[in-house]
Amino acid sequence: VVLNCTRLLTRILPYIFEDADWRGFFWSNVPGAGRAGVRWDLCVNALLVLVSFELLRMAVLLLWLSSTPLAESLLLALADLLFCPNFTVNSHRKDGPESAEDMQSMDSCEYIWEAGVGFAQSPPLNYHHDLNRTELLKLLLTCFSEAMYLAPSASDSKNPWVAHALPLFTSLLNVVCAYDPVGYGIPYNHLLFSDQRERLVEMAMQILVVTLEHEVAPTAGAAAAAALDTLEGPGSPYASEDHEPTGPDNLFVNYLSRIHREEDFGFILKGLGRLMNNPLAQTYLPHSTKKINFHQELLILFWKICDFNKVKFLFFVLKSSDVLDMLPYTVRVPMDVPVFSGSHADLLIVIFHKIITSGHQRLQPLYDCLLTIIVNVSPYLKSLSMVAANKLLHLLEAFSSTWFLFSSVQNHHLVFFLLEVFNNIIQYQFDGNFNLVYAIIRKRSIFHQLANLPTDTASIQRALQRRKNSPPAAAAARAASRATSPMEGSRPAAPTEPGTLKASLEATPAIDKLTEKSQVSVDGTMVALKQQTPTQKPAAPTAAAAAAVDVSDTESNTERDEVRSRLSSTSSPPAAWRATPDWVLLWKSKLPLQTIMRLLQVLVPQVEKICIDKGLTDESEILKFLQHGTLVGLLPVPHPILIRKYQANAGTTAWFRTYMWGVIYLRNVDPPVWYDTDVRLFEIQRI
């Protein structure tokens, strides 16, 4: 009876949420509730005699006798059912089932589903309990899905919180982090036996990412503190050393931010790392290992844990050797990249270059985010490979083409990012980066062109006209005739199968809305810098980068044609904006070219002299010379290191909410939960 009611409510609630009037009814009080003359309890008792299920009887009585809203009553009943002995947890009593009075006095923290954070005992595995938990969690997730039926700009102020918040949070977290899809490693075991826990883990993860996103009423902070006060003993995982009387309003965020024991951090990190690396596991027998499909929810959950417990957990992750498990790539990556020898930084640059030059057009708003990441790590890159150095120069060459710079009001920002990367490496990591210095010397014409960028109206118009006259179709035809096949395992993701669903995304916020600047002081501490108020709101960037135009000679002609074709057809200037000489002069005067020009002024004559005197034709000899060279005392005073840190705001919150619910929607289409309802948070398209 309980499961049938749960499944029915799971299908009905989305239709209630899509109608504003019914949403109000869902959050209203039961008509006539609490009146002495209305004996709903007798009617319900008569009905439940046939069921003989004490907890259901208590839940329905609460629904009719209390003055709480329907939604809150339903959530209270669900919370009780999630810790109901012999239904979702094992009973601790030996002399018969619990009564309703026993249920009210029961300590649900003794019934946590899995050992791990805050709970040392590992309950015996019960597949029937896992099935019941999964159905209840699906209904709970549906109760939280009201945000899908609100416009992206609307703020979802209600967070229908639940009872038993602490044991529920601990149970969900432990179930996710303790899950091992491989088990004992028996080949093809997932084809012989059903794994009921996988679906429970997926639902638990979705509940976690949804509840960690919401905010609740101010009274919840005090409620969380009160709940924790009863548990904060010397061995409690939530007994924070720097105890605060109140924490975040969100109960789950409050609990998550207070975890501090290293054994708990190790349990979380190992569990998430094991699941993240599961899709990349390789065996000699094809398809013999079970593969999970909820990696997107995993990344969101890991992001939220690092964000809400950044003081302790993030520090633990960075100092632990297990951090490499959170960078899941082994012998291959899912795209066609050149073979090279280098570090994670080289891989980062090569992958970002591949995304920018041959990625999907929808990734264009992320270009400045990708370059910001490279800028942040650039002061600490001790030695770049020749492949990575050439990729950086190729991006600069593409982004600094005149037609691209004059096509959009924000395109020149990409050039500033790349120049900052070069300046950081030259000023702080010159020794060891001879590959990059050599690449800069070889492509020095790019920097001279930037320094002599034309600013008159006629030159601007000629540059834009040159882009319009370029034939994009010819390059696409040449690219289609390529005969060389990429190495095995390096192909991009296959296109979506026909008939499947796709959820749209909210527009990505601009980089200045995503980050805040911090300056590294002399003692190594970070000092936040005040953000300057922009004088003009930029139009949406068309960062379809010029990564196709004037490609470096280190790139193949086919790649050049592909990128030029893709980007030339998508980079069109906004109708309400045109490049002007004053605008070009405004940012051209701020180009940080001094350090690079000084490097070229010193090293180019030396390299040319060596080549002439010794008749060098092998670049290895030039690299040896640059490897032992120095610019001490010749460069300008080192500039301060600026780190752009992620800064959450309303725009990023809306984007993550859209992405998160879009993923959850697509995960729950078989059987469908929200299918064929009027979802307003994002658009649903059938491919």
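What you are looking at is a predicted structure, and each value in this text was computed from that prediction instead of being measured.

Chemist: Run through the overall build of the protein, naming residues and quoting values.
Modeler: Summing up its helical and strand segments, the protein has 30 helices and five strands in all. Residues counted as buried form 48% of the 687 residues belonging to the protein. Nonlocal contacts in the protein, meaning residues at least 24 apart in sequence, comprise 79% of its contacts between residues at least 6 apart. Entry remark: accessible area of the protein is about 33800 Å², with carbon and sulfur atoms responsible for 58%.

Chemist: Requested: an account of the nonpolar core, with residues and values cited.
Modeler: Generally speaking, a soluble globular protein has its nonpolar side chains buried in company with each other. Trp-113 and Trp-661 are the most contacted members of the largest nonpolar core, which totals 81 residues. Beyond its immediate chain neighbours, meaning those up to four positions away, Trp-113 contacts Leu-82, Phe-83, Thr-88, Val-89, Pro-123, Arg-133, Leu-137, Leu-168, Ser-171, Leu-172, Val-175 and Leu-200.

Chemist: I'd like to hear about the packing of aromatic side chains, residue by residue, with values.
Modeler: The final tally for this structure, using the stated rule, is 17 aromatic pairs. Aromatic side chains Trp-403 and Phe-404 sit 6.0 Å apart centroid to centroid with 80° between the ring planes, which places their arrangement in the edge-to-face category. A residue is classified by how much of its surface remains accessible, and Trp-403, at 8% relative accessible area, is buried. For Phe-404, a relative accessible area of 0% puts it in the buried group. Judged by centre distance (5.8 Å) and plane angle (80°), the ring pair of Tyr-665 and Phe-682 falls under edge-to-face.

Chemist: Account for the packing of helix α8 (residues 165-178) against helix α10 (residues 196-211), naming residues and giving values.
Modeler: At their nearest, the axes of α8 and α10 sit 9 Å apart, and the two run at 130° to each other. Judged on the interaxial angle alone, α10 and α8 are oblique. For the pair α8 and α10, the sense of crossing is left-handed. Between α8 and α10, the contacting residues are Phe-169, Leu-172, Leu-173, Val-175 and Val-176 on the first element and Leu-200, Val-201, Ala-204, Met-205, Ile-207 and Leu-208 on the second. Along the lines of polarity and charge, the residues of the contact of α8 with α10 split into 11 nonpolar, no polar and no charged.

Chemist: Got a sec to walk through unusual backbone geometry? Specific residues and values, please.
Modeler: Note that the residue after Asp-670, namely Pro-671, is joined by a cis bond; omega there is -5°. Looking at the element boundaries, Pro-671 is found in the loop between α30 (650-667) and β5 (684-686). Unusually for a residue other than glycine, Asn-86 sits at a positive phi of about 65°. Of note, Asn-86 is situated in the loop between α5 (70-81) and α6 (100-105). Taking the relative accessible area as the measure of exposure, Asn-86 reaches 52% and is therefore exposed.

Chemist: Tell me about the environment of His-639, and please be specific about residues and values.
Modeler: The topology assignment puts His-639 in the loop between α29 (619-627) and β4 (642-646). Note on His-639: relative accessible area 23%, which makes it partly exposed. For the pair His-639 and Thr-595, spaced 44 residues apart in sequence, the C-alpha separation works out to 9.7 Å. Sequence-distant contacts of His-639, defined by excluding residues within four places in its chain, comprise Asn-423, Asn-424, Gln-427 and Tyr-428.

Chemist: Give me the side chain of Thr-6: which residues, what numbers.
Modeler: Within the element layout of this structure, Thr-6 appears in helix α1 (residues 2-17). For Thr-6, a relative accessible area of 4% puts it in the buried group. Leave out the neighbours within four places in its chain, and Thr-6 touches Glu-135, Leu-136 and Leu-139.

Chemist: Give me the pattern of salt bridges: which residues, what numbers.
Modeler: Tallied over the full model, the rule gives 16 salt bridges. Arg-261 is paired through a salt bridge with Glu-263; the nearest N and O atoms lie 3.7 Å apart. Its relative accessible area of 52% is what places Glu-263 among the exposed residues. Linked through salt bridges whose partners overlap, the residues forming this network are Glu-114, Asp-130, Arg-133 and Arg-197.

Chemist: Go over the packing of helix α18 (residues 386-399) against helix α20 (residues 412-428), please, and point to the residues and values.
Modeler: Two numbers describe how α18 lies on α20: the axes approach to 9 Å, and their chain directions differ by 150°. By the angle between their directions, the pair α18 and α20 is classed as roughly antiparallel. Between α18 and α20 lies a crossing of left-handed hand. Along its contact with α18, which presents Leu-392, Leu-393, Leu-395, Leu-396 and Phe-399, the element α20 presents Leu-414, Val-415, Leu-418, Leu-419, Val-421 and Phe-422. Here the residues of the contact of α18 with α20 sort into 11 nonpolar, no polar and no charged.

Chemist: Describe the environment of Ser-257, naming the residues involved and giving the relevant values.
Modeler: Checked against the element boundaries, Ser-257 lands in helix α12 (residues 251-258). Separated by 55 residues in sequence, Ser-257 and Lys-312 place their C-alpha atoms 8.8 Å apart. For Ser-257, the side chain forms a polar contact with the main-chain oxygen of Asn-254, separated by 2.8 Å.

Chemist: Describe in detail the environment of Pro-124, supporting the description with residues and values.
Modeler: As for its placement among the helices and strands, Pro-124 is situated in the loop between α6 and α7 (127-143). When the C-alpha atoms of Pro-124 and Asn-90 are compared, they prove to be 8.2 Å apart, with 34 residues separating the residues in sequence.

Chemist: Talk me through α10; I want residue IDs and the actual numbers.
Modeler: Helix length check: α10 (16 residues) gives 23 Å between terminal C-alpha atoms against 22 Å at 1.5 Å per residue, within 8%. By the criterion of burial, α10 is predominantly enclosed, with 14 of the 16 residues buried.

Chemist: Please give an account of the confidence of the model for the protein that cites residues and values.
Modeler: Residues of the protein with pLDDT of at least 70 account for 66%, and the chain-wide mean is 74. Element-level pLDDT for the protein is lowest in helix α24 (residues 472-480), with a mean of 34, against a maximum mean of 94 in α20. Between residues 471-496, whose pLDDT stays under 50, and residues either more than four places distant or in other chains, the model counts 24 contacts. In this model, residues 533-570 is a region of pLDDT below 50 whose contacts with residues beyond four sequence positions or in other chains number 93 contacts.

Cut-offs and rules
- Residues numbered from 1 in each chain as written.
- Predicted model: local features only at pLDDT ≥ 70, side-chain atom pairs only at ≥ 80, totals over all residues.
- Heavy atoms only, no water.
- Helix = DSSP H or I, 4+ residues; strand = E, 2+ residues; numbered from the N terminus.
- Buried < 20%, exposed > 50% of the residue type's maximum accessible area, 1.4 Å probe, protein only.
- Contact = heavy atoms within 4.5 Å.
- Areas by Shrake-Rupley, 256 points an atom, 1.4 Å probe, with all protein chains shown as cover.
- Core = buried A, V, L, I, M, F, W, Y, C linked by side-chain atoms within 4.5 Å.
- Phe/Tyr/Trp six-rings, centres within 6.5 Å; stacked < 30°, edge-to-face > 60°.
- Axes fitted to C-alpha atoms, helices over the stretch in contact; angles between N-to-C directions.
- Parallel < 35°, antiparallel > 145°, perpendicular 65-115°, else oblique.
- Left-handed = near helix turned anticlockwise from the far one by under 90°.
- Nonpolar A, V, L, I, M, F, W, Y, C, P; charged D, E, K, R; others polar.
- Salt bridge = Lys/Arg side-chain N within 4 Å of Asp/Glu carboxyl O.
- Polar contact = N/O pair within 3.5 Å; in protein donor to acceptor, adjacent residues only side chain to side chain.
- Expected span 1.5 Å × (residues − 1).
- pLDDT = per-residue confidence, 0-100.

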